[in-house]
Amino acid sequence: QVQLQESGPGLVKPSQTLSLTCTVSGASITSSYYGWSWIRQPPGKGLEWMGVIMYDGSTYYSPSLKSRTSIFRDTSKNQFSLQLMSVNSEDTAAYYCAREEPWGSDAQGWGSTFGSWGQGTQVTVSS
């Protein structure tokens, strides 16, 4: 039911800012208790969780990317966006938006399930 669609430029120059937007349908990005996340996968490498904006607007980022990452939302458009500053060739990747479903307890442990994903969009950093 929930659908996510990434959009934004496929090519970004080094040192500039990568900007992507995820448009969500079938669910409200303000509905508790979901989070809305950005995940990327460089060629030949694994998935890397970048960060999340929760239903209440709070944000959390990967420590390795926190200094140059910003996630924000436009609730009127049911969209959330990613900005990654000062990009270089190592930021070339397929970028995905996804919905996080938190779970857990003190006994079980805590985590998230990523049940819904966008199709992904390729972003290349090159001059």
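Definitions and cut-offs
Residues numbered from 1 in each chain as written. Predicted model: local features only at pLDDT ≥ 70, side-chain atom pairs only at ≥ 80, totals over all residues. Heavy atoms only, no water. Helix = DSSP H or I, 4+ residues; strand = E, 2+ residues; numbered from the N terminus. Rg over C-alpha atoms; globule rule 2.2 N^0.38 Å. Contact = heavy atoms within 4.5 Å. Areas by Shrake-Rupley, 256 points an atom, 1.4 Å probe, with all protein chains shown as cover. Salt bridge = Lys/Arg side-chain N within 4 Å of Asp/Glu carboxyl O. Buried < 20%, exposed > 50% of the residue type's maximum accessible area, 1.4 Å probe, protein only. Pairing = 2+ DSSP bridges. Axes fitted to C-alpha atoms, helices over the stretch in contact; angles between N-to-C directions.

(A) A look at the overall build of the protein. Along the protein, the regular secondary structure elements total zero helices and eleven strands. Overall, the protein shows an N-to-C arrangement of helices and strands of β-β-β-β-β-β-β-β-β-β-β. At 14 Å, the protein has a C-alpha radius of gyration in line with the 14 Å of a compact globule built from 127 residues. Long-range pairs, those at least 24 residues apart, make up 54% of the contacts in the protein with a sequence separation of at least 6. Summing over all exposed atoms, the protein offers an accessible surface of approximately 6,700 Å²; the carbon and sulfur share of this is 48%.

(B) Spotlight on the environment of tyrosine 60. Inspection of the secondary structure puts tyrosine 60 in strand S6 (residues 59-61). When the C-alpha atoms of tyrosine 60 and threonine 75 are compared, they prove to be 18 Å apart, with 15 residues separating the residues in sequence. Dropping the residues within four chain positions of it, tyrosine 60 is found in contact with Trp49, Gly51, Val52 and Met54.

(C) How the structure looks around the pattern of salt bridges. If you walk through the whole model with that rule in mind, you get five salt bridges. In this structure, glutamate 48 engages arginine 40 in a salt bridge whose closest nitrogen and oxygen atoms are separated by 2.7 Å. In this structure glutamate 48 comes out as partly exposed when scored by relative accessible area, which is 22%. Given the relative accessible area of 5%, arginine 40 is considered buried. The salt bridge involving aspartate 91 is made with arginine 40; its shortest N-O contact spans 2.8 Å.

(D) Spotlight on the pairing of strand S1 (residues 3-7). Of the two faces of S1, the one holding Leu4 and Glu6 is buried and the one holding Gln3, Gln5 and Ser7 is not buried anywhere. Here S1 pairs with strand S3 (residues 18-25) via five bridges, running antiparallel. What sits directly across from leucine 4, in S3, is valine 24.

(E) Looking closely at the side chain of threonine 121. Turning to its location among the elements, threonine 121 is positioned in strand S11 (residues 121-125). Note on threonine 121: relative accessible area 15%, which makes it buried. Ignoring sequence-local partners within four residues, the contact set of threonine 121 consists of Glu6, Leu20, Ala93, Ala94 and Tyr95.

(F) Fine view of the sheet that holds S3. A sheet is described by the order of its strands in space; here four strands give the open sequence S1-S3-S8-S7, paired in antiparallel fashion. Looking at strand neighbours, the two that pair on one side only are S1 and strand S7 (69-74), the edges of this open sheet. Here the average twist between neighbouring strands, direction ignored, is 20°. Where S3 and strand S8 (residues 79-84) come together, six bridges link them in antiparallel fashion. Note on S8: the bridge partner recorded for leucine 18 is leucine 84.

(G) Summary view of unusual backbone geometry. Put simply, serine 32 and tyrosine 33 share a cis peptide bond, and its omega is 0°. By secondary structure assignment, the location of tyrosine 33 is in the loop between S3 and strand S4 (35-41). Unlike most non-glycine residues, serine 86 shows phi in positive territory, near 50°. One can find serine 86 in the loop between S8 and strand S9 (93-105).

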